[in-house]
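Understanding the architecture of this molecule
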Amino acid sequence: MHYYVIHLPLEIPKELIYCSSAEIVEGARVIVNLSGRLWTGICGAKTRPEEDKDIRYKAVIEVLDTVPVLSPELMKLGYWMADYYHCSVGKALFAMLPARLLPEMEANVIWLSENVPEPFIPLKKAIDKSENPVLKTLRKELTSYPLYKRIEEGEELGLLKIERRLNHKDKPRTVNFIIRLQPTLEEDTLPLKQREAWEKIKEEEPSFPMSNISSTISYSAIKALVKKGFIKIEPRRFDPESVSFENSSPLKQITLNYAQVEAIKDITEGFGTFNVNLLYGITGSGKTEVYIELIRHYLSVNKTVIFLIPEIALTPQMVDRFQSNFGQILAIQHSQLTEKDRLIQWQKIKSGEKRIVIGARSAVFAPLPDLGLIIVDEEHEGTYKQESAPRYQGRDLAIVRAQIQNAQVILGSATPALESWHNAQNGKYKLQKIESRPLDYCLPDVQVVDLRDEYEHSLISAPLLEAIDKRLQRKEQVILFQNRRGYSSFMQCLKCGKLITCKNCEISMSYHRDREEMQCHYCGNTIPSPRKCPYCGSYSFAYGAPGTQKIEQNLKILFPEAKILRMDSDSARKRDTYKSMYNRMKNKEVDILLGTQMISKGLDFPLVTLVGIVMADISLNLPDFRAAERTFQLLTQVAGRSGRRDKAGEVIIQTYNPQHYAIESASQQNYIRFATEELGYRKKLYYPPYYRLARILFQSTDLETLKKEMSNMREVLYLLRKQIPMPQLLLLGPSVAPFSKISSYYRYHLIFKAQTVKILQNAIRLFNSLYNCPSNIRKQIDIDPNTLM
Ligand code: ADP
Ligand code: ZN
Ligand code: ZN
């Protein structure tokens, strides 16, 4: 008999051991029974039964794979993740696999074929016999038959199909398209509303998803246009393989410049071994060309590549460039794939058919054989951190995975995370710098406008107003950035001073004027905006800092002729809207693009010669240790959208804090100055990269229970402090988290700061062993947290 540790996607503390008469390879899927339920698990290490105890081990019911779904390297990564992020091995392993690899026990099995090949005879008989042939009942019927394996084979051979429980993710997505026709009627016969709609429709592609315009055009106008033969509406299936960004640009012929060539040469020196390169290149310096060249190099020696980007939907140009360079061997892991598509793609990656994987953080788990290179673009971005268990940091996992597989890593950014910069300074990473733009394209001129001097707090200052006006006359494009959506950040009663707050979150709600609604930006809760104060009945309110909606309204008054496009998560619920924005900008159908951080990433429009930052301070005032860093990054990235070609660019930053070092150094586009100053503060305050950080969050719907439990913790903390004294470990709290209540849960946290990662991990382990968290309190461990809010 053989004994194995089996990992299930559960958070259970003890190891589960099962026995099997046949040997099982590590990383294969197995079916086991746990407390009367069938589970799919991953086979872990071989082990021995405990000797002195008389335990009867349950047998593995079925082994699904002879070739493991997780390679030894990925298994290793999973063990590392579980240990480092304090989750179960099962949770870590299953985070790497497409959901569809887990058989669903409730799924119906339907036989399709005329013939029944020999190995399937028992299965076919059981299906015929059963009234309700779901996997679970078939399993009971067919003891000692490799059921799941046959089911998977049978599905692949087209002998049978599995009808899974209704899963919205799997429904083939059809969306309504508007298709432009050659109208026989004259346009000017149309009534005003319909003519407006027709104008909008003409701005789009010949056929496009209706959702692109449905927020601006009434459905009755569309219906009328259908009737009059201007357009037709047709449901079309969304085909994941065809997701290319239509404007797929022809391949550009580029001669790399000296800085690019040097960076490539330097990185290639480390070829074939594990090492990390920080590619620090200012915005628009040609980092992507460096990536592409290096990828070619790896492909030419039959190695494969993972390319991580922060958010795939927001970087259409990047995807576009990769597609025109690499075509069929590229797997694009975008969020629109159904579970089934994901599985198919995963298989193509595993088999080596796809040799480059581009995707957001989870692409770091792509099962590529012969992995040679992992690139993390915009490595400073917060989206690399997963904010639900397992709370991993994709960039850091890229490095761990590369180490396991002896691969190279490139972290690229114009504003590297301070952790990465620090590692480059102390020699852990190799630093490559590109400090100018190709072809003498200049960095934009930056002007800072002190909003405190502005008359009547107008949103658009005189210099910005003038600069926009000039662009409109010259038919150039403008990007305006305001990192707050909605109309205004809060609504406050002028008589009693109370704010309209969310009942779930104790956070002030934002005013959305278009829907006359108050919305909580943390839990999404909305209420109609009150006409009178719910506390005192007064009718007059003050409104908080302006959001994109308010700015849009102002712009429409100031520039009635301009074509203004607003992009934020309210206006862009769907990916297609983003794509249409991209197309409309490219086709010069927009004069002013106004948006939140959605428009800060990776956009490269040659006609944009002015970027205006309406209020630079928004992210600066958050009570979080990364507030200055985020502000600097955001401002630099947005400013980098201006003047990316031969036309000189200009940036205007409006701010209430013109002297703040984050704003000053962003206006000088001086990363090194910012990093030096910020690192000084981090050191003084024992923050990363000098100290390692973890936080444990405790949440409960009942405040009293939570408070009581937090004071019960005192003794444990006392022991902990005695075992690991200062300054090795600094323990803060438990205290109320800055967001004290979110989605009905009250929040307290305990913060660990430690001199080394080893001390940090020891402290967390010790805490876990000493402290027993009651089940009515949610405990969440976050290692290297992105935020402490
Ligand atoms: P980054 O990724 O650093 O922001 P990109 O790689 O997107 O910069 O380059 C910015 C622009 O400059 C792109 O349009 C790119 O095609 C162009 N570019 C990059 N390198 C060169 C070069 N050596 N010669 C000419 N144009 C270049
Ligand atoms: Zn009031
Ligand atoms: Zn809320």
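So, a few notes on the structure that sits alongside this text.

Definitions and cut-offs
By convention here, each chain's residues receive numbers from 1 onward along its written sequence. The lettering of chains begins at A and the numbering of ligands begins at 1, in the order of writing. Where local features are concerned, this predicted model is filtered to residues with pLDDT of at least 70; where side-chain atom pairs are given and counted, the filter is 80 or more; whole-chain, interface and lining totals use all residues. Processing note: side-chain calculations cover all non-hydrogen atoms of the structure and skip hydrogens and water entirely. In this analysis an axis means a line fitted to C-alpha atoms, helices contributing only their contacting stretch, and an angle means the value between N-to-C directions, from 0 to 180 degrees. Every helix listed is a DSSP run of H or I at least four residues long, and every strand listed is a run of E at least two residues long, numbered separately from the N terminus. By definition in this entry, angles of less than 35 degrees are roughly parallel, angles greater than 145 are roughly antiparallel, angles of 65 to 115 are roughly perpendicular, and the rest are oblique. Should the near helix be turned anticlockwise from the far one by less than a right angle, the crossing is left-handed, and should it be turned clockwise, the crossing is right-handed. Between two residues, a contact is recorded if the distance between any of their heavy atoms is within 4.5 Å. Only Asp, Glu, Lys and Arg are considered charged, only Ala, Val, Leu, Ile, Met, Phe, Trp, Tyr, Cys and Pro nonpolar, and every remaining residue, Gly among them, polar. By this definition, two strands are paired if DSSP reports at least two bridges between them. In this description, a disulfide is simply a cysteine sulfur pair whose atoms lie within 2.5 Å. Categorising residues by exposure relies on relative accessible area from a 1.4 Å probe, with only protein chains included: less than 20% of the type maximum marks a residue as buried, more than 50% marks it as exposed, and the intermediate range marks it as partly exposed. What makes a salt bridge here is a side-chain nitrogen of Lys or Arg within 4 Å of a carboxyl oxygen of Asp or Glu, nothing more. Only nitrogen, oxygen and sulfur atoms qualify as donors, provided they sit within 2.8 Å of the metal or within 3.2 Å for Na, K and Ca; with water excluded from the atoms, sites may seem incomplete. Only two sets of limits are used to name each site, 85 to 135 degrees for every angle of a tetrahedral four-donor site, and over 155 degrees for opposite donors with all other angles from 65 to 115 for a square planar four-donor or octahedral six-donor site, with any other site named irregular. A pair of aromatic rings is counted whenever rings of Phe, Tyr or Trp (Trp by its six-membered ring) have centres within 6.5 Å, and the orientation is called stacked for planes under 30 degrees apart, edge-to-face for over 60 and tilted otherwise. Geometrically, a charge over a ring is one whose NZ (Lys) or CZ (Arg) sits within 6 Å of the ring centre while staying within 35 degrees of the ring normal. For this analysis, a polar contact is any N or O atom pair within 3.5 Å, provided that within protein one partner can donate a hydrogen and the other can accept it, and provided that sequence-adjacent residues contribute only side-chain to side-chain pairs.

This paragraph deals with the packing of helix α8 (residues 258-268) against helix α9 (residues 287-300). With their axes 10 Å apart at the nearest point, α8 and α9 run at an angle of 40° to one another. As summarised for this structure, α8 and α9 are arranged oblique, according to the angle between their axes. When the axes of α8 and α9 are compared, the crossing they make is right-handed. Residues Gln-260, Ile-264, Ile-267 and Thr-268 of α8 pack against Glu-289, Val-290, Glu-293, Leu-294 and His-297 of α9. Looking at the contact of α8 with α9, its residues break down into four nonpolar, three polar and two charged.

Once that is clear, we can look at the sheet that holds strand β19 (residues 477-481). In space, the six strands of this open sheet follow the order β18-β28-β27-β19-β26-β25, with parallel pairing throughout. With one partner strand each, in any of the chains shown, β18 (445-450) and β25 (564-567) form the two edges of the open sheet. Neighbour-to-neighbour, the strand axes of the sheet open up by a mean angle of 15°, direction not taken into account. Pairing of β19 with strand β27 (residues 608-613) involves five bridges; the strand directions are parallel. Within the sheet, the bridge partner assigned to Phe-481 lies in β27 and is Ile-613.

As enumerated under the stated definition, the model contains zero disulfides in all. Free of any disulfide, Cys-19 has its nearest neighbouring cysteine sulfur in Cys-43, separated by 12 Å. A relative accessible area of 6% places Cys-19 in the buried class.

Counted under the stated rule, the structure contains 34 salt bridges. Taking the shortest distance from any N to any O, the salt bridge between Glu-62 and Arg-139 comes out at 2.6 Å. Separated by 77 residues along the polypeptide, Glu-62 in strand β5 (residues 62-63) and Arg-139 in helix α4 (residues 135-141) bring together distant segments of the chain. The pair Glu-62 / Arg-139 is uniform in exposure class, with both members buried. Note that Glu-629 is salt-bridged to Arg-682, the shortest N-O span being 2.8 Å. Pair noted here: Glu-629 is in helix α17 (residues 627-639) and Arg-682 is in helix α19 (residues 671-684), with a separation of 53 residues, a long-range link. One connected set of salt bridges, linked through shared partners, spans Glu-419, Arg-626, Glu-629, Glu-678 and Arg-682.

The side chains of a regular strand alternate, residue by residue, between the two faces of the sheet. In terms of burial, strand β28 (residues 650-655) is largely enclosed, as six of its six residues are buried. Here β28 shows a buried face lined by Glu-650, Ile-652 and Gln-654 and a second buried face lined by Val-651, Ile-653 and Thr-655. With six bridges joining them, β18 and β28 adopt parallel strand pairing. When the bridges of β28 are listed, Asp-445 appears paired with Glu-650. Examined bridge by bridge, β27 and β28 share four bridges and lie parallel to one another. The residue bridging Val-611 from the neighbouring strand is Val-651, located in β28.

Looking now at the coordination of the zinc ion (ligand 2). Each protein donor to the zinc ion (ligand 2) is listed here as Cys-493 (SG), Cys-496 (SG), Cys-533 (SG) and Cys-536 (SG); together their distances run 2.3 to 2.4 Å. Around the zinc ion (ligand 2) sit four donor atoms, and with donor-metal-donor angles ranging over 101 to 115° the site reads as tetrahedral. A residue is classified by how much of its surface remains accessible, and Cys-536, at 32% relative accessible area, is partly exposed.

Glancing now at the sheet that holds strand β3 (residues 29-34). Taking strand neighbours across the sheet as the criterion, the five strands line up as β2-β1-β4-β3-β5 in an open arrangement whose pairing is antiparallel. The sheet terminates laterally at β2 (16-20) and β5, the two strands that pair on one side only. Each of β1 (2-7) and β4 (37-47) touches helix α1 (residues 72-85); the most contacted strand, β4, lies at about 100° to it.

By the definition in use, this model includes 27 aromatic pairs. Each ring, one from Trp-421 and one from Tyr-671, has its centre 5.0 Å from the other, and the planes form 85°; the classification is edge-to-face. Residue Trp-421 is located in helix α13 (residues 418-425), and its partner Tyr-671 is located in helix α19; the two are separated by 250 residues in the primary sequence. With respect to burial, Trp-421 and Tyr-671 carry one shared label: buried. With a centroid separation of 6.1 Å and 90° between ring planes, the pair formed by Phe-698 and Tyr-771 is classed as edge-to-face. Here Phe-698 is found in strand β29 (residues 692-700), whereas its partner Tyr-771 is found in the loop between α22 (757-770) and β32 (778-783), with 73 residues between them in sequence. Each member of the pair, Phe-698 as well as Tyr-771, is classed as buried. Aromatic ring contacts, followed pair by pair, group Tyr-280, Trp-421, Phe-632, Tyr-661, Tyr-671, Phe-674 and Tyr-681 into a single cluster. Directly above the ring of Trp-39 sits Arg-37, whose terminal nitrogen or CZ lies 4.0 Å from the centroid. A cation sits over an aromatic face here: Arg-778 above Tyr-745, 3.7 Å from the ring centre.

Its location among the elements puts Glu-23 in the loop between β2 and β3. Sequence separation between Glu-23 and His-2 is 21 residues, and the spatial gap between their C-alpha atoms is 6.5 Å. Once residues within four sequence positions are removed from consideration, Glu-23 is found in contact with His-2, Tyr-4 and Lys-46. Side-chain polar atoms of Glu-23 contact the side chain of Lys-46, separated by 3.5 Å.

Our focus in this paragraph is the side chain of Glu-678. If you trace the backbone, Glu-678 turns up in helix α19. Among the polar contacts made by the side chain of Glu-678, one reaches the side chain of Tyr-661 at a distance of 2.4 Å. Not counting residues within four places of it along the chain, the set of residues in contact with Glu-678 comprises Leu-418, Phe-625, Ala-628 and Tyr-661.

What follows concerns the pairing of strand β6 (residues 108-111). Of the two faces of β6, only one is covered, namely that formed by Val-109 and Trp-111; the face formed by Asn-108 and Ile-110 stays uncovered. One ladder, built from four bridges, connects β6 with strand β7 (residues 160-163); its direction is antiparallel. Bridged to Ile-110 within β7 is Lys-161.

On to the environment of Pro-103. Looking at where Pro-103 falls in the secondary structure, it is placed in the loop between α2 (89-94) and β6. Aside from chain neighbours lying at most four places away, what touches Pro-103 is Ile-31, Thr-40, Leu-64, Leu-135 and Tyr-148.

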